[in-house]
Amino acid sequence: MNFDHELTCLIAGVVGVLIIASLITRILLKKARSEGARMTLENVAARTRAWWGMVIIFTLAILMGITGTVILFGLLSFMALREFITLTPTRPGDHRTLFWVFFVITPLHYWYVLDEWYGMYSIFIPVYAFMFVPMRSALAGDCEHFLERSAKIQWGLLICVYSVSHAPALLSLQIPGYIGENAKLLFWFVIIVEISDVLQYVWGKTCGKHKVAPKVSPNKTWEGLIGGGLSTVVIGASLWWVTPFTLMQAAAMTAMVVLLGFLGGLIMSAIKRDRGVKDWGHAIAGHGGVMDRLDSLSFAAPIFFHVTRYALIPPSVIVLP
Amino acid sequence: MISSLIAGSLRVATGALARWHGCGPELRQRIYFANHTSNLDGPLLWASLPTPLRVRTRMVAAHDYWSVGKLRPWLAQRVFNAVLIERKKPTAECNPLNTMLEAMGDDHSLIIFPEGGRQTSPEPEPFKAGLYHLAKRRPEVELVPVWMENLNRILPKGEILPAPLLGSLVFGTPIRLQEEETKVDFLVRARESVICLRGMCG
């Protein structure tokens, strides 16, 4: 991967923000009087520590180039999918199907992403895997809740594997004038998604009053969405120089990512609520499971990928491999 | 060294989360008893114990299963330090109870599955008498109920290949055989103490 000056600035900026966040939480923790404030701050401290870990792992993966990045996202998909299937129970008749899904379909899909075989990885799951799943389950001979069980496994694949994989797939886009610089685009995209989450949380906590969908998620407020969204757009646009976009394009793309991320979070909240749980798992201290961190990214990634592809790559350049 | 590695990989592979709900992980002689749905149950319960406890805890397992082939006996003896008992045809010479009491000695804990075998029903089957006899012969030892969740989805009975879902286990409040408590009453109570931990996973 081309580790240029701009990428260094980007990583240094993120590390700088984390250092400031760590310092502020430490100071506030010392001053905190009430038990409630302490609890909130302990949670913020745990989240900040987890962010450090995530940034370090992500940076190392980017440094290793497309292979490292694809492997990292492949592992994340695997962990997210196991959280998803654990929480949306299947029946014993799906056991062999699940073996295929985890150990054949997921690795194969990521192999196609690594191979930059666009024509294959964009249809492998929604066509071939989606047909294979009910076929294998039907062969196992259990009819109870058949459609529901097939749909759960297909949805798990779509959200946790197919959608998430479009983030590392950004590395293979042949954008004119931006060849070899795609790591910055991926870094920028991930930063926007996560900053949007954090800022919506902060705005919602401090001045959130009007809930968007109280039955689905009491934490999501209009104030959080608009305040967090607008401040993310400002940050996303101000970082336009690392992207292949113009200033206005960067702002519009950020707005799109914020909105999709918000809706993705809302959808995943609805599933969690339906299952009667608060978090997808316990993989990351302060954050719940992997899926709790990836929900917005998974809904934003495929659309961001395709919009970028159609907006920036002239049709004459697009050659299906 | 190998034991720790295998215990660690078991925890990672099953994503197992252990909750100490009714008691803490204390270094004292105990009998852990749990519902049984998968061949992973024994190894995972063992792997979920902190190292100082784990080295003094032995799972009780079926001789007929663990002595087949090369890998299983090696795992049973060298890794899990399992207590292999004869479950099909117990005789006076190899009475499982004596084997278990001997294996406990003064400082070892046991892991047992009082249903006697892996079940496919959602509720645990009625417990067999082994737990009662152990409790009667060693009244000072704590009996810790454990609920194991999802292991049957990771590796169901009759399957060889796993589906890598997340498992979890809950350790409940220790029970003891009460004075004048009958065998039937005790076994029912022991089974209830496992079932009531079910809602605490997740």
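Whatever comes next refers back to the structure up there.
The structure reproduced in this document is the subject of the present report.

Criteria and thresholds
- Residues numbered from 1 in each chain as written.
- Chains lettered and ligands numbered in written order.
- Predicted model: local features only at pLDDT ≥ 70, side-chain atom pairs only at ≥ 80, totals over all residues.
- Heavy atoms only, no water.
- Helix = DSSP H or I, 4+ residues; strand = E, 2+ residues; numbered from the N terminus.
- Contact = heavy atoms within 4.5 Å.
- Buried < 20%, exposed > 50% of the residue type's maximum accessible area, 1.4 Å probe, protein only.
- Phe/Tyr/Trp six-rings, centres within 6.5 Å; stacked < 30°, edge-to-face > 60°.
- Lys NZ or Arg CZ within 6 Å of the ring centre and 35° of its normal.
- Expected span 1.5 Å × (residues − 1).
- Bend = angle between axes of the 7 residues up to and from the residue.
- Core = buried A, V, L, I, M, F, W, Y, C linked by side-chain atoms within 4.5 Å.
- Buried area = accessible area lost by both parts, 1.4 Å probe.
- Salt bridge = Lys/Arg side-chain N within 4 Å of Asp/Glu carboxyl O.
- Polar contact = N/O pair within 3.5 Å; in protein donor to acceptor, adjacent residues only side chain to side chain.
- Nonpolar A, V, L, I, M, F, W, Y, C, P; charged D, E, K, R; others polar.
- Axes fitted to C-alpha atoms, helices over the stretch in contact; angles between N-to-C directions.
- Parallel < 35°, antiparallel > 145°, perpendicular 65-115°, else oblique.
- Left-handed = near helix turned anticlockwise from the far one by under 90°.

1. Regarding the environment of B:Val79
Residues and elements named next belong to chain B.
- Structurally, the position occupied by Val-79 is in helix α5 (residues 71-79).
- For the pair Val-79 and Ser-3, spaced 76 residues apart in the sequence, the C-alpha separation amounts to 5.1 Å.
- In this structure Val-79 touches Ile-2, Ser-3, Ile-6, Trp-46 and Trp-74, once residues within four positions along its chain are discounted.

2. Quick look at unusual backbone geometry
- Positive phi, normally seen in glycine, also occurs at A:His145, with a value near 50°.
- Inspection of the secondary structure puts A:His145 in the loop between α6 (124-140) and α7 (146-169).
- At B:Asn81, a position not held by glycine, the phi torsion is positive, near 50°.
- Relative to the assigned elements, B:Asn81 resides in the loop between α5 and β4 (83-85).
- The exposure class of B:Asn81 is partly exposed, given its relative accessible area of 32%.

3. What to know about the packing of aromatic side chains
- Under the criterion given, the structure shown has 22 aromatic pairs over all chains.
- Centre to centre, the rings of A:Trp100 and A:Phe132 are 5.0 Å apart; their planes meet at 55°, and the pair counts as tilted. Here A:Trp100 is found in helix α4 (residues 95-114), whereas its partner A:Phe132 is found in helix α6, with 32 residues between them in sequence.
- The residue whose ring lies beneath A:Arg309 is A:Tyr310, and the NZ or CZ to ring-centre distance is 5.7 Å.
- B:Arg54 extends its terminal NZ or CZ atom over the ring of B:Trp46, reaching a point 5.6 Å from the ring centre.

4. Comments concerning α4(A)
- In a regular helix each residue adds 1.5 Å, so 20 residues correspond to 28 Å; α4(A) covers 28 Å between its end C-alpha atoms and thus fits that length.
- Taking the largest bend as the criterion, α4(A) deviates by roughly 35°, centred on A:Val101.
- Of the positions making up α4(A), those classed as buried are A:His95, A:Thr97, A:Leu98, A:Phe99, A:Val101, A:Phe102, A:Ile105, A:Thr106, A:His109, A:Tyr110, A:Tyr112 and A:Val113.
- Buried-residue contacts for α4(A) involve α3 (65-87), α5 (118-121), α6 and α7 of chain A together with α8 (151-154) of chain B.
- Trailing α4(A) by a residue or two, A:Glu116 shows a phi angle of about 55°, which is positive.

5. Focus on the nonpolar core
- Among the nonpolar cores identified, the biggest contains 111 residues, and A:Trp188 and A:Phe189 are the most heavily contacted of them.
- In this structure A:Trp188 touches A:Leu10, A:Gly236, A:Leu239, A:Val242, A:Thr243, A:Phe245, A:Ala250, A:Met253, A:Thr254 and A:Phe304, once residues within four positions along its chain are discounted.
- Formed by 27 residues, the second largest nonpolar core is a distinct cluster that contains B:Met100, B:Leu110, B:Phe127 and B:Phe186.

6. Quick word on the interface of chain A and chain B
- Counting residues at the interface gives 15 residues for chain A and 19 residues for chain B.
- Here chain A and chain B share an interface that buries about 1300 Å² over both sides, 62% of which is from carbon and sulfur atoms.
- Ionic pairing is found between A:Arg96 and B:Glu159, a salt bridge with its closest N-O pair at 2.6 Å.
- Applying the counting criterion to the chain A and chain B interface returns nine residue pairs in polar contact (both at pLDDT 80 or more).
- Contributions of two or more residues to the side of chain A that touches chain B are made by α3 and α4 of chain A.
- At six residues, α4(A) tops the list of elements feeding residues into the side of chain A that touches chain B.
- Of the residues in the side of chain A that touches chain B, the class split is seven nonpolar, five polar and three charged.

7. As for the environment of B:Ile154
- Position of B:Ile154 relative to the elements: it lies in helix α8.
- Relative accessible area serves as the criterion here: at 3%, B:Ile154 is assigned to the buried category.
- Note: C-alpha distance between B:Ile154 and B:His63 (91 residues apart in sequence) is 23 Å.
- Leave out the neighbours within four places in its chain, and B:Ile154 touches A:His95, B:Thr14, B:Leu40, B:Leu161, B:Pro162, B:Ala163, B:Leu165, B:Leu166 and B:Gly167.

8. A short note on the side chain of A:Asp94
All names here are of chain A.
- With respect to the helices and strands, the residue Asp-94 is situated in the loop between α3 and α4.
- Assessed through its relative accessible area of 1%, Asp-94 is described here as buried.
- A polar contact of 3.0 Å, which involves the side chain of Asp-94, links it to the side chain of Ser-137.
- Apart from residues no more than four positions distant in its own chain, Asp-94 is found in contact with Ser-137, Arg-149 and Ile-153.

9. A short note on the packing of helix α8 (residues 182-207) of chain A against helix α11 (residues 290-312) of chain A
Residue and element names in this part refer to chain A.
- Where α8 meets α11, the axes come as close as 10 Å, and the angle between the chain directions of the two elements is 135°. It follows that α8 is oblique to α11 by the angle criterion. Where α8 crosses over α11, the handedness of that crossing is right-handed. Residues Leu-185, Trp-188, Phe-189, Val-190, Val-193, Glu-194 and Asp-197 of α8 pack against Arg-293, Ser-296, Leu-297, Ala-300, Ala-301, Phe-304 and Thr-308 of α11.

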